[in-house]
Structures are given as structure tokens and as C-alpha cells.
Amino acid sequence: MPFQTLRGTTDLLAHDLTSWRRLESSALQIAQRYGYQELRTPVMEDAALFLRSVGETTDIVQKEMFRFTDRGGHDIVLRPEGTAPVVRAYLQHHLHKTEGFAKLFYLGPMFRAERPQAGRLRQFHQFGAEAIGSVSPWVDVEIITLCVHTLLESGVADATVWLASMGCRDDQARGAQHLKDRLAPHRATLCEDCQNRFDRNIFRVLDCKQPGCHALAQDAVNSLERQPGLPPTPFALCEACVAHFDTVRHGLNTAGIAFDDAHVFARGLDYYTRTVFEVRSPRLGAQDAVAAGGRYDHLVEEFGGPSLGACGFAAGIERVLLAARPVDPVPVATARAGVYVAIPPKSNVMSEAFRLAQRLRQQGTRTTMDYDGRSLKAQFREADQLHCQVVAILGEQEVNAGSVTMKDLAGGEQRTLPLDDFMKAVAA
Ligand code: ATP
Ligand code: MG
């Protein structure tokens, strides 16, 4: 075949779309139940939007963006994630003035130039939610609860929530220094990427997929002084951040959301502060993250807005569908429905037949017809394959008499009816 989908992109056929539509509509409905309103943003954005938010030194910006210059010389990106566009829209439409606290839900394609493999695509799809305009830790609890609720409802039953706090910007600066001191003697054994990360953003070593780097980072963290009452963390949390984290953990217990805070991890985007989380599923193998998110208390301000806290999550639709326990196969539609308008060959009634099909469709009856002058036998065969309930035969005789001959494919009986009676009979 001369034309194929690009690497890392896929077609979705009717068969795939059954589970996609089910997931999409249930994600939206659940988000609405929590008070989130849908927002759709363009797939193209100004490149600077992501450089400033996701961060210049992140993998996404350095290696994964589909970035091009348009004819007018604008630096454009196919969006790699949804948070920065939502915050841009929040400010552009003055929601900080009209609504203050805004809760927004989005769903759509995202683009990252990654090496395609199972669960990792170049065009993938996310749904997510952002709660913008509050620093309350209960917002973090709501976001994580909404995320887990949606995943459970979608059939992802055995996922684990990893929870951590990355602290505020001051904590991050102190934590980075601690980690650098511990890792400095091993700098030469880190992978090339991590050697760069060492100076630019040391926490990203924790996110490295190379086992050697990960183990070194883990050892370095374990050797740091533990803060009493807190899980191991490379971030030296201040009192306010400890209190925030405590309330989030307490809130999740209250909501009955199980979580695991024993892992040391950092999220690979620059904008996160305080709460971060990842939802992992054992069914996914190497690409085990189904959803992820956290708090970002400086992004609104960095985009020129007021100083407002915010928190959000994003889930990958392809991975949710891979991680979901297989749902019962969609039952093959055995019940017959709809009409097949059949034209006896050589009858000159195409206009009348098309008009009949159109009347049926307008009254809400699913209708198909033949356009190729095939034999009645072929038309009946197709009607049967399409699980139609009725074949409406419209020949010259019927047209002249203002009638339709209808054959019930389930019962088998055939009768000729005046047109109006036929319309009523199939509408029932
Ligand atoms: P990973 O560690 O797997 O690369 P990530 O940290 O880059 O994930 P996020 O930016 O947090 O991912 O995006 C949230 C979710 O979007 C992920 O948990 C995953 O389900 C999904 N996702 C991210 N990148 C891809 C991709 N290339 N293909 C399919 N799904 C993806
Ligand atoms: Mg990634």
C-alpha cells in the first residue's frame, strides 16, 4: 500500500470506537459530577507556552515536541500536554476575574515525538482536569479522587497511586543542593542525559529510566536525613509544605483512596510544586503510568496572571484501555433494526427510492439502500448482513400505485402497503 499511517499514530475503526466512546463519555460525566466544565483548546499553540511552563530542559521540550515554523515565521508546537493550554485559556478568557476558582475538564489528542512501542504513541489522547485558583490541599484530594474514581469506573481495577510532595520552590532549591552533594562523587557513572540533568535539574535523575542512575539516585535519597513523620523524600520540606502534605494524606484516607507514599519519585515537568502523584497499573509492563498529575502553584503567575494555586491530572486514554480489565465483548447486534430500500433491477425509480430513504431517515429510521442496480438477491443478502429488520421493495409498480412492498426479515412475511401505512409500520 502506498499510504500508511505515520509511525506512532493509529486509525480507530468502528470496533475500537465502542470502548473509546464509552470511556470518553464516562470521563466527562464523572468530571461534571465533581463540578468540572469541559474546555477544548486548539491542538496548535505558540511554542513559548510550553518552553516556559513544561521547562526548557525537560525531555518533552528538548526531544519530544513536534515543532515547526509556519509561513509567517511563527514558532508553533503540536501540544504535548494539556495543562499549559488550559492555564493559557483560563487567563485569556479572564476566568480569574469572572470565576476566580475554575474547574476545567479536557479531552483530546496530544503529540510527542517518542519512540513508538506498546502504550507509547506519537499521537496519543488524554483526558484531564485542572482546578485553578486555590491553594487548599483539599483540591489535591479532589483531583486525585476524581482521577481514581474515573479509572475505577473505566475498569482499571488494580492500579496503585504513588504519592509524594516535591515541596515549594525554596524546598526544591534546598533539596537539589542536598542531592547534588550526595550524587557528586558518582557523577561520572551517570548516563549522559543525567550528567546534563545534574546541573540543570537534578531531580530528573530520579525520573531516569536507566536502572543505574535510578539506583544511585535512590541511594542518595536514602542517605539523606529523614524528616520525622514523612516518607522518604529528596525534598527538604518546610513546615507549611509538611502540613499541606499531611492534609492531602489525611484527606485521601477520608475519601477511602488507597495510596503508596513509600516511593521516591519526581515528576519530569518544571511546573510542579508540593503534591505530585502517578497512577500505575501492573497490566502495562514498561509503560506503567496510566495517569499522573499534581499541584502547580506558580504557573498562572508565570503566564502573567495573579498568584493563584492550581492542581490537575491527565490520564492517557490508550493506556487506560490497555489497563482496563477486558470488558464483556460488545454483544453483536442480533436484534434486527432499520430498513433496506431495495430496487428491482432495471426499474427507473432511483429518485423515488432515494426520496423514500430520506423520509425514513428524517423520521428517525436507520435506512440503507442500493445505488448500483444489483440483483434483488444481492440486495437481500446485504440487508441481512446489515441486520436490517425490513426490506422495502420499491419497483415501478409500487411507485405507480403509491405503495411499498415490505418484507420482514425476521418473520419472513411479505405484504404490500400504501406508503403512509408503511411509514407508520416501520416507525413503530
Ligand atoms: P511516561 O513516564 O510514560 O513517559 P509521562 O510522565 O511522560 O509518562 P505525562 O506527561 O504525565 O506522562 O502524561 C500523563 C499520561 O499520559 C501518562 O500517564 C500516560 O498515560 C499518557 N502518556 C504520556 N505520554 C504518552 C505517549 N507517548 N503515548 C501514550 N500515552 C502517553
Ligand atoms: Mg514521557
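Right, let's talk about the sheet that holds strand S6 (residues 123-132) for a bit. The sheet built from seven strands is open, its strands ordered S1-S5-S6-S10-S9-S8-S7 with mixed pairing. On the outer flanks of this sheet lie strand S1 (37-38) and strand S7 (160-165), each paired with one strand and no other. Direction of pairing for strand S8 (residues 273-280) relative to strand S9 (residues 289-295): antiparallel, over a ladder of six bridges. What sits directly across from Glu 278, in S9, is Ala 292. Here helix H1 (residues 14-33) sits on the sheet in contact with S1, strand S5 (102-111) and S6, set at roughly 160° to S5.

For ligand 1, the set of nearby residues contains 16 residues, the closest of which are Arg 112, Glu 114, Gln 126, Arg 267 and Val 290. In the environment of ligand 1, a nitrogen atom lies 2.6 Å from a nitrogen or oxygen atom belonging to the side chain of Glu 114. In the model, an oxygen atom of ligand 1 is placed 3.5 Å from a nitrogen or oxygen of the Ala 291 main chain. Contact with the protein chains removes 90% of the 580 Å² of surface that ligand 1 exposes when unbound. Mapped onto the shell around ligand 1, the elements with two or more residues apiece are S6, S9 and strand S10 (310-316). Broken down by element, the shell around ligand 1 gets its largest block of residues, four residues, from S9.

Taken as a whole, this structure holds zero disulfides when the rule is applied. Note on Cys 147: no disulfide assigned, nearest cysteine sulfur contributed by Cys 311 at a separation of 10 Å. Residue Cys 147 is classed as buried on the basis of its relative accessible area, which comes to 1%.

A few words on the pattern of salt bridges. Where charged atoms from two side chains of opposite charge come close, those side chains can pair. Taken as a whole, this structure holds 24 salt bridges when the rule is applied. For Lys 63, the salt bridge identified is with Asp 193, shortest N-O distance 3.1 Å. In this pair, Lys 63 is assigned in helix H3 (residues 59-64) and Asp 193 in helix H8 (residues 192-200), connecting sequence segments 130 residues apart. For Lys 63, a relative accessible area of 46% translates into the label partly exposed. A salt bridge links Arg 204 to Asp 270; the shortest N-O distance between them is 2.7 Å. Here Arg 204 is found in the loop between H8 and helix H9 (211-222), whereas its partner Asp 270 is found in the loop between helix H10 (239-255) and S8, with 66 residues between them in sequence. Here Arg 204 falls in the buried class, since its relative accessible area comes to 5%. Overall, Asp 270 belongs to the partly exposed group, its relative accessible area being 29%.

This next bit is on the nonpolar core. Core analysis: the biggest nonpolar cluster contains 100 residues, and Phe 127, Ile 132, Ile 144, Phe 277 and Phe 313 have the highest contact counts within it. With eight residues, the top contributor of residues to this core is helix H6 (residues 137-153). The next biggest cluster of nonpolar side chains, apart from the first, holds 18 residues, and it includes Ile 343, Val 349, Met 369 and Val 390.

All right, on to the domain arrangement of the protein then. The assigned domain composition of the protein is domain 1 (14-168 + 238-323) and domain 2 (332-427). Each of domain 1 and domain 2 has a C-alpha centre, and the two are 50 Å apart.

Turning our eyes to something else, we now look at the sheet that holds strand S12 (residues 367-369). The mixed open sheet is built from five strands, whose spatial order is S12-S11-S13-S14-S15. Every interior strand has two partners, whereas the edge strands, S12 and strand S15 (414-418), have only one. Between one strand axis and the next, the sheet turns by 25° as a mean value, whatever way the strands run. Pairing of strand S14 (residues 403-408) with S15, which is carried by five bridges, proceeds in the antiparallel orientation. The residue bridging Val 404 from the neighbouring strand is Leu 417, located in S15. Across the face of the sheet, helix H13 (residues 350-362) comes into contact with strand S11 (339-342), S12 and S14 while running at roughly 165° to S12.

With that settled, the discussion passes to the packing of helix H7 (residues 169-183) against H9. Geometrically, a packed helix pair is captured by the angle between its two axes and the distance between the axes. Two elements in contact, H7 and H9, have axes whose closest approach is 9 Å; the angle formed by their N-to-C orientations is 115°. Classified by the angle between their axes, H7 and H9 sit roughly perpendicular to one another. Two packed elements cross with a definite hand, and for H7 against H9 that hand is right-handed. Residues Leu 179, Arg 182 and Leu 183 of H7 lie in contact with H9, whose contacting residues are Leu 216, Ala 217, Ala 220 and Val 221. Residues belonging to the contact of H7 with H9 are distributed by class as follows: six nonpolar, no polar and one charged.

Taking 1.5 Å per residue, 17 residues should reach 24 Å; H6 reaches 24 Å between its end C-alpha atoms and fits that length. For H6, a buried count of twelve out of 17 residues is recorded, marking the element as mostly surrounded by other parts of the structure. By the burial criterion, the buried members of H6 are Pro 137, Val 139, Asp 140, Val 141, Ile 143, Ile 144, Thr 145, Leu 146, Cys 147, Val 148, Thr 150 and Leu 151. The backbone nitrogen of Trp 138 lies 3.0 Å from a side-chain oxygen of the residue at the head of H6, namely Ser 136. Positive backbone phi, approximately 95°, marks Gly 155, located one or two places after H6.

How each quantity is defined
Residues numbered from 1 in each chain as written. Chains lettered and ligands numbered in written order. Predicted model: local features only at pLDDT ≥ 70, side-chain atom pairs only at ≥ 80, totals over all residues. Heavy atoms only, no water. Pairing = 2+ DSSP bridges. Helix = DSSP H or I, 4+ residues; strand = E, 2+ residues; numbered from the N terminus. Contact = heavy atoms within 4.5 Å. Axes fitted to C-alpha atoms, helices over the stretch in contact; angles between N-to-C directions. Near = heavy atom within 4 Å. Polar contact = N/O pair within 3.5 Å; in protein donor to acceptor, adjacent residues only side chain to side chain. Areas by Shrake-Rupley, 256 points an atom, 1.4 Å probe, with all protein chains shown as cover. Disulfide = S-S within 2.5 Å. Buried < 20%, exposed > 50% of the residue type's maximum accessible area, 1.4 Å probe, protein only. Salt bridge = Lys/Arg side-chain N within 4 Å of Asp/Glu carboxyl O. Core = buried A, V, L, I, M, F, W, Y, C linked by side-chain atoms within 4.5 Å. Domains from an automatic or database assignment. Parallel < 35°, antiparallel > 145°, perpendicular 65-115°, else oblique. Left-handed = near helix turned anticlockwise from the far one by under 90°. Nonpolar A, V, L, I, M, F, W, Y, C, P; charged D, E, K, R; others polar. Expected span 1.5 Å × (residues − 1).

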